[in-house]
Each structure stands twice: as C-alpha cells, then as structure tokens.
Amino acid sequence: MARVATRVSSPLFIGRQAELANLTEALDRAATGVASTVLIGGDAGIGKSRLVAEVSARAASSFLVLEGGCVALGDGGGLPFAPIVEALRRLPAVLAADAVDGLGSIEVLRSPATAELGRLVPELGSAAAPDVGTFDRPEWIQARIFEGLLALLRGLGEHRPVVLILEDLHWADGSTRDVTSFLARNARTERLVVIGTYRTDELHRRHPLRPWLSEMERLPRVERISLTRFGRSEIDALVAAILDHSPPVGLVDSVERRTEGNPFFVEELLASGAEQHGDNLPQTLRDVLLARLTSLSEETQQVLGIAAVAGRRVQADLLATVAGVPEAELERPLREALASQIVVADSTSGADAYRFRHALLTEAVYDDLLPSARRRLHAAYAAALESKPVPEGAEGASHLSALAHHATAAHEPTRALHAWVGAARAAVAAYAFSVSLTAYERAIDLWDAVPADDRPQGCDAASLHHEASLAAMLTGRPDRAVDFARVALSLIDPAREPERWASANERLARASWVSGAMDDGLAILESTAAALEGSEPTPVRARVVAALAGAHMLRGDHATAIVVANAAIVLARLAGSPSAEAHALNTLGTSTALTGRTDEGLRYLYEAFEQTKAIPDAYDDVGRAYANLSSVLLIAGRAQASFEIATAGVTWARSVGAAAGYGRFNAGNAAEAAVELGRWDEAEAMLDDLLASDAVGVNHIGTISVAGWFFARRGRTTDAERVLRDGRALVDPLLEAQFKGQIYVGLIELALMTGRLEDAIADAAAGLEQLQRTEDHYYIGPLLVIAARAEADVAVSARARRDPVRADRAAAAAGRYADQLTELATTATSRDVYGGRLAGSAAVAAAEAKRAAGTSDPTAWIEAERALKTRDVWLTAYAQFRRAESLLRTPAGRREAESVLQSAHAGATALSAAPLVAWIEALGRRARIDLAPAEPAEPAVEPTVDTSPAANALGLTAREREVLELVAEGFTNRRIAEALFISESTAGVHVSNILGKLGAASRTEAATIAARLGLVD
C-alpha cells in the first residue's frame, strides 16, 4: 500500500527566481521612495500566492506588510473594497505587533485626509453620512476614499515602507479595481509597493479585468508578471522537496504528464497518495481534488461541504450556526481538515475563521454538492447572517451583499430583495458605487417578484431607480443613469408629489448633462423650474433653480445665468437652504466676471467662498469655490493671486481626500497661472505630474485644455498631439467654452508648428463656430488671435507660391477676425475684465491682419507689445519677433531690429519655447544678426554646411542652401531678397552660383536636382 505524502506544500521555494528578483527590485525602489505596482497573473494553482508569500516573508523584517483578498459572490460581483477592508482591518494588529517607531496605534495616522476611510473601516475614521446628490461632478466623490487611502499609506511609509498585497483581483468589484488603479497612477514618491494577483484562466472575453489590465499596463510605474508552468527540472525539485527524498523517474514522468507543470496539481496528486511509480494517479483535476476528501471521515466531508457554500473563507461561529451544532463539536472534523491541509486557520481579521487552502478546492467541494443541498445551505447562511447585527462601514455592505447572495441562491426573493436594497445603500455610504449599482439592479429585477406587502418599507420602485441612476452616474455609466432616471420619473405623479418629481427631474438633467446631452439637461431643468414657479420656496426648488443657473453658466449664456442665479439666491434664503444659496452665488460671481464686471464678480465669488466653507461636508461646493475663484482671478489678469488660490485649493483637496476631483481642476488652474507668470519649468512639471496621475477623462479636462497648447509652444509636438486628440474627443460633446477654446487654440498652435496650415484654418473655423454660440468673450479672444495668425501664415505662403487669390482670401479672413476682436475689446461689458487682456489680443490680431495683407509694419507690432503689457510672456516674445521681421524690411530698421530680435530671443529662450526660438534664430541667420553678442563673431567666409554630405560635395554654403530652399518654393529674386533681407542683386548672384554648382540650366532644374538629392523637401 502506498505511503501518504509526508507534506502537501514544499518547504522550499522552487523556481521563479527571475520573478522574485523583479519583486525584490520593486521593494528596493519602494524603500528609497519610488512607488510601484506589480500585477502577477497566471492560471489557478500556478503559484501566485506562493510567490507573494515568499516576497512577504522576505519583506517582513523591514516593511509593513498589509494583505487582503477579493471575494466572489456568484454572479453578484465582488464585495465592495474587499481586499482594502481586509488589509486595513489588520492594520491595528500589525502595528501593535510590529512595534514600528512612532506608531504604537493607528490613532497617530488619523487626519482630516483619512477621515473618509471610516466608511470602509470605522476604526480608521468617523466620516459623516455622505451627501452624494450634489450639484457638480458627483463622479468625483469616490476620490475621497482613494485620497484617504493614499494619505494613510503615505503616512505609514514615513515610518516604514509598505507592501500592500491584493489577492484574486479577478474577483474584484469595480471599486477595488478603481482604487488599485488610483494608487498605481498617484503613488509616486511614497514608500509603497502594491502587489496584485489574478487568475488568467478566469478572464473570459468580457471579463472587466481585461480592459483594466490593458489600461494598467500602459502606466509607467506598473509591471506585469506572468507565471508559466514548471518545467521538468522544477517538477523534479518540487516532488523531491514534498516527499523529502529523490522520487522515482517514473513517478515524476506521471506527475509531469498529468499536471502539465501546475505546482498546485503536483501537490494535490502527491497528497492523494501516489508516491511510487505505478501508483494509481487520478486522471482529472476534479478527481485529484476530490480524492483528498475520500480519505477523510464522513463528518469532516460534511463540514467541508457546509464551509464551501460560504465561499473560500468562513467564520467559525457562522459555520457552527449553519451546521446547527456548538462550535466545540466542530473541533474534531476541523482538526482533521487542518491536518490534511485542505483548510487553514485564518484569524487575521480579528475573528476565528477557516479558509480553504486554494480556491480550486472550494470550487470542487461546492460542485460536488447536490443542488438541493446547496439551496438548503444557502438558505441557512442567509438566515444566520440576517440574525447577526450589520457591521458599520464597507463591512456592512459586504455583510448585506453576502446575505443577498445566499438568499438569491436559495430562491428566497423577499429576503433577497430586502438584502439587495440594504447592500446597495450601504455600498453608497462606503463610496463603493459599482457594487451599489449591481445591488440596485438586482433589487430592481426582484421588485415585481415580491408581493407589495413584503417589500421594504420606505422604498418603492421609483426611489430604487432614482438611487440607481446616481450610482450609475458615479460608476461612469451615464447612459445607464439616464435610463434609470427616466424610469424613476415615469413612476412619480407630479400632481401628488411635486417635490419628488422635481428632484427626479434634477437627477435626469444631471445624468443627461454628464452623458453629453447637455441641451436635454438644460431643457429638463428649465421645464422643471417653470413647473415649480409660483409654488412655495423649498430646498428642492432652490436646488433646481441653482442647478439651472449653473447649467446656463457652463453653456456660456451668462446673461441668463445671472438672472437665474439671483432668483435661486432669493429662493434659497426663503427656503433656508445655505448650500443652494452658496452654489447660486458662486455661479452669479463667475458669470458676472465673464460678462466683463470683474470686480463685482470677484466680490460675489469671495462671498460664496466664505459661505461655502462654513457649510459642513460641502466638499464639492468648496472645491468649486476654489476653482471658479482662481479661474476668474486669472481672467482678470491677477495671475499671482490666481496661482495662490489654486494652490490653496489643491492643498485643501488633499486634506479632505478630494484631489482627484476639484483638486485636479485647481492644479490645472495653478499650472495655467504659472505659464502666464513665465514659470514654464514649474508649469511643465505640474502638468506632467497631473497627466501621469490618472486616466484621461472628465477629471482631466482642465489639465488637458492647458497642456495641449502649452506643449505645442514648448515644442513637445508628440505629447501635444496625444493630449489634444484626447481633449478634442472630450470637449466636442460639451458646451463649456473654457475648455473648448483652449483645446482649439492648442489644435491650431500644433498645426502651425508642424506646417499644416490648412488644418489650422479648418480647426479655427470649427472652434469659432462652436464658441460664437456662447457669450464667453474671454475664451473666444485667444481663438480669434491664433485664427488671424493662421490666416496670415497662409497668406504669406500663398504669395510665395504666386497664388494671389488664396492670399487675398486669407487676408480678408484675418481682417474679419481682427475686427471682431477689436469690437469685443471695446464693448462696454468687456472693458472692466478684458480691457487689458482683450485689448492686447486685439492689437496682436490687428498686426496679424496687416501681415496677412502684405503691409506688415513695425508700428502695429509696437502697439501689440504695448497693449499686451507683458501679461503673456510668450505672445510678447512672438510680437517682438514679428516686429523685428517687419523692421528688417525697411532700409533704416536693421539696427533697431537687432536689439528687438535679441530681446525676443532672450524671452523665448528663457521659456524654452523651442519652436519660437527656432523661428527667431532662423530669422537671425537670414538677417546676419548675432543673437548672442558675447559669442565669437561669425567668420567672414561662409562655411560649408556640414550636415549634408550632398551639400558638402557640391560646395554649397549655408547662405546658398537657404537661397536654394526658396528657389524650390518658386521665389523670385526679389522675394528671396525680401525673405533674407539682402539686396535683389545679391540674391541673383547666389542663384547664379547655385545653378553653376548644381550644373542646372534653369531654376526649375535646380529645384528638381535639390529635391532628388534631399537638399530640400
């Protein structure tokens, strides 16, 4: 008779040395303040957990190791934040046992930033009940949890580096995936390494982890490790380590053939009793796993069957309740199960529990139960969970989700409906919105199957759809949110419940707005406000009118926004709704400023700012107050004050865990202010940091709108193209002019930088067509300036190509843009806020119009510089460049042009504005202007260009290369002279020399030869 294997798991760590080295490197980086995320994938049983356990053991002496695992609940999805909750629940015990310097307890790490973690684990904070039905950007709410977790991990890392292990991500709920992604994007200098594991054989075509993994793999601080099956030498070593002696060759052959190199299968085959060559080995995986059970007593097999229905892990008291026996009577069968290593003891969460050693064991035992036994045991678990008090925080949502899962599997719709509703609302309280959405959908599906008298009290189908709509919106599924909101609205009688009907309309409007149907959202708010007109002032009515004012503001209809905001303020004061009043006051200030009355608008904004800060838990309105105040200060030309307010907004957002929402918006404002202040290196670092910290989406729209044109002006054309492509896709469905204007400025700037003049003209027309439907004169100003510049470039190019028709058409367009901008700059409503800024833009556009008409003169550019008042450092340097260019066209202008061009070069160089620097230097070379007088003077004899072997061989000088390029463009001698600031006769001499060196009989032949040799495009 074969002997039973002396152990199940190998005492030695076999193989995986390259993977272990990669993980060790990640630990080393984390210790020095370089955070990273490592995702380990492989088939079930391939050794992911063993690898992680080895890394954890090696890190334990110098790292804080926090571990948690995802939990599957059939088709109901994972438990909300399951691995995070499990890891955080272990933290107090870990700190108590680890004696980390300065961290005797978790209390030391508590702060306003971590308070929201109380929604997950009550011991970590005391967050108030959530107010997720806010006016703006509800999709940012979950960021509070994420920022709180990052703040906690950052605080821990200051005492000791942290390893956060998240097992079984293939079972993760959407919230867990989101928070893991957030950590991967935002943890940078923290002493942290996040390690996640997932089963690749679970990832069917539509599995949500598939796109998530693809997105994660593109992040710079994320590494994926794929574990492969063991080879023959590794199997040999594994079998020998388990048996504690060298195995027979035939046995290893059989094990290798039947396990195909899966380490867990090797362990199970040996544990099933085969140890000699010829011993009977089970043929299938299921047989392998169940063979382990057949050697156990019938009592132990029954207990394991009961445990498997709970899932991979079950608490001891819950198991005893379902088994219907005292815990003491389970000791004998559980000891046998422990001895066989089918289950292991697990008390990490503070309660005695048992866990199957591998998920495959759980599945095999569960699948072996009869269907009737499964239903009976699911019903017993549901009853047992229902009898227990519901925990606080995310554990409460998990408790209710488990109860709902068991009741559903037991075919008990009434109990399941109550549990799904409770789980949905508990998940919202924990900001686990994807779990909440799933629970709401399950509850809605069950609603009609449960008799009316048995349904939850204080709840009806309309409220479920209304709440599900918000959950869908917060989960990033706006179309689904619209569907739920419409159903909710259809179930409410406006005559009987006007307030509830109005609230439902507000929800539908918000969902429509987020889904891109902004006109629909605005129409809904308008009709709802009209229907409520004449009714008593209430908080709901005030909220609807305040939301309507905000919608008009974002659309750029500021005159209407001002009227509606004033009405909302009156209603809010009568109804006693400070939040609605502050929201409307903020809208009033922003729209007042954007119509030109800056000082008045800023007074309203500062008042709204103070009122909002006094309202408890008004996170989104406080963030909005910082954002709009800093935006208007920048519009008013107060860049330094804008920078300070925006920076304070970023600090505030981090302190309350809202950095991914208005925190990011304020960071974008700070970066834009830094650009205007000429602090381009600082702005670039801020923008790079923001763009690297999260996926492109609505949260990034403010950052993208600045980064696109900034990267183009800095010469980062590849980055600019990527950012602007994403930005255009985001802003085209929106009505918000502030984002549209900047994105289109960036698109035109990039097209001009890369020589795509017709694309620039088309983008200008598209952007202006969209913005001219709004009253956002400030945001249309920069677009008109660059549109005039694009037309001027086209006109100059057309004249060089001897295309007067195209040149005249471009000149006319440039003139129209300049006239329109001049009219905007001189209107009564614009003088206060735009007098300085729009006047500068209008002067630049006027100078561009003259350049387009072929009559550019230095005076126009002097006026542009004077009107700009150096508010825009790049545009000032650009104006100086054009002024120098126009001076060089006059006989007496060279001396002045030299100093002006040197000033432009110094300004552009200080900004590292590479394209503008290149234009200035090219003009300097053509005009023989030394832009750096301290440098040695240029030799009198022109050197041969050493960058082209063909030019060297032909003996072409640098000047002749420049002339040849213009000849290829079709320039006459006169036009060459004008472009290079030389006499016409000198140009003729250069052309004659070129023809001779090329052996060409004509200018056309010279151009053909030059193109063939690659000397010109």
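Placed above this text is the structure.
Residues numbered from 1 in each chain as written. Predicted model: local features only at pLDDT ≥ 70, side-chain atom pairs only at ≥ 80, totals over all residues. Heavy atoms only, no water.

Now for helix H36 (residues 804–826). Along its 23 residues, H36 runs 33 Å from first to last C-alpha, staying within 8% of the 33 Å computed at 1.5 Å per residue. Listed as buried for H36 are Arg 806, Ala 807, Ala 810, Ala 811, Ala 813, Ala 814, Gly 815, Tyr 817, Ala 818, Leu 821, Leu 824 and Ala 825. Among the structural elements, helix H34 (757–771), helix H35 (777–800) and helix H38 (837–852) are those in contact with the buried residues of H36. (Helix = DSSP H or I, 4+ residues; strand = E, 2+ residues; numbered from the N terminus. Expected span 1.5 Å × (residues − 1). Buried < 20%, exposed > 50% of the residue type's maximum accessible area, 1.4 Å probe, protein only. Contact = heavy atoms within 4.5 Å.)

The next point concerns the pairing of strand E2 (residues 64–69). Most of E2 is tucked away, with 5 of its 6 residues classed as buried. Summarising the sheet, E2 and strand E3 (residues 162–167) pair through 6 bridges and their orientation is parallel. Counted as the bridge partner of Val 65 is Val 163 from E3. (Pairing = 2+ DSSP bridges.)

Here the structure, examined in full by the defined rule, presents 5 cavities of 30 Å³ or more. Here the largest cavity is characterised by a volume of approximately 600 Å³. Residue lining of the largest cavity: 30 residues in total, with Arg 713, Tyr 778, Pro 782, Arg 837 and Asp 872 positioned closest to the centre. Sorting the residues of the lining of the largest cavity by element identifies helix H29 (659–676), helix H31 (701–714), helix H33 (737–753), H35, H38 and helix H40 (873–887) as the ones contributing at least two each. Here the element with the most residues in the lining of the largest cavity is H35; it accounts for 7 residues. Among the residues making up the lining of the largest cavity, the classes are represented as 16 nonpolar, 6 polar and 8 charged. (1 Å grid on protein atoms, 1.4 Å probe; cavity = no way out; pocket = protein on both sides within 12 Å on 5 of 7 lines; lining within 4 Å. Points joined across faces, edges and corners; volume = space filled by probe spheres on them. Nonpolar A, V, L, I, M, F, W, Y, C, P; charged D, E, K, R; others polar.)

Take the sheet that holds strand E7 (residues 343–346) next. Pairing in this open sheet of 3 strands is antiparallel, and the strands run E6-E8-E7 from one edge to the other. The sheet is open, and its two borders are formed by strand E6 (313–315) and E7, each paired with just one other strand. Each neighbouring strand pair of the sheet contributes to a mean axis angle of 25°, computed without reference to strand direction. Looking at chain direction, E7 and strand E8 (residues 353–356) are connected through 4 bridges and run antiparallel. Residue pairing for E8: Val 344 is matched across the bridge by Arg 355. (Axes fitted to C-alpha atoms, helices over the stretch in contact; angles between N-to-C directions.)

Within the largest apolar cluster, 165 residues are counted, with the highest numbers of intra-cluster contacts made by Leu 120 and Leu 164. For this core, the element with the most residues is helix H23 (residues 539–555), which contributes 11 residues. In contact with Leu 120, other than residues within four places in its own chain, are Phe 81, Ile 84, Val 85, Ile 145, Gly 393, Ala 394, Glu 395 and Ala 430. (Core = buried A, V, L, I, M, F, W, Y, C linked by side-chain atoms within 4.5 Å.)

As a further point, take unusual backbone geometry. Located in the positive-phi region is Arg 16, a residue other than glycine, with phi close to 60°. With a phi close to 60°, Gln 341 is a non-glycine residue in the positive phi region. Note on placement: Gln 341 falls in the loop between helix H13 (331–339) and E7.

Distances and angles like these do not, on their own, reveal function.
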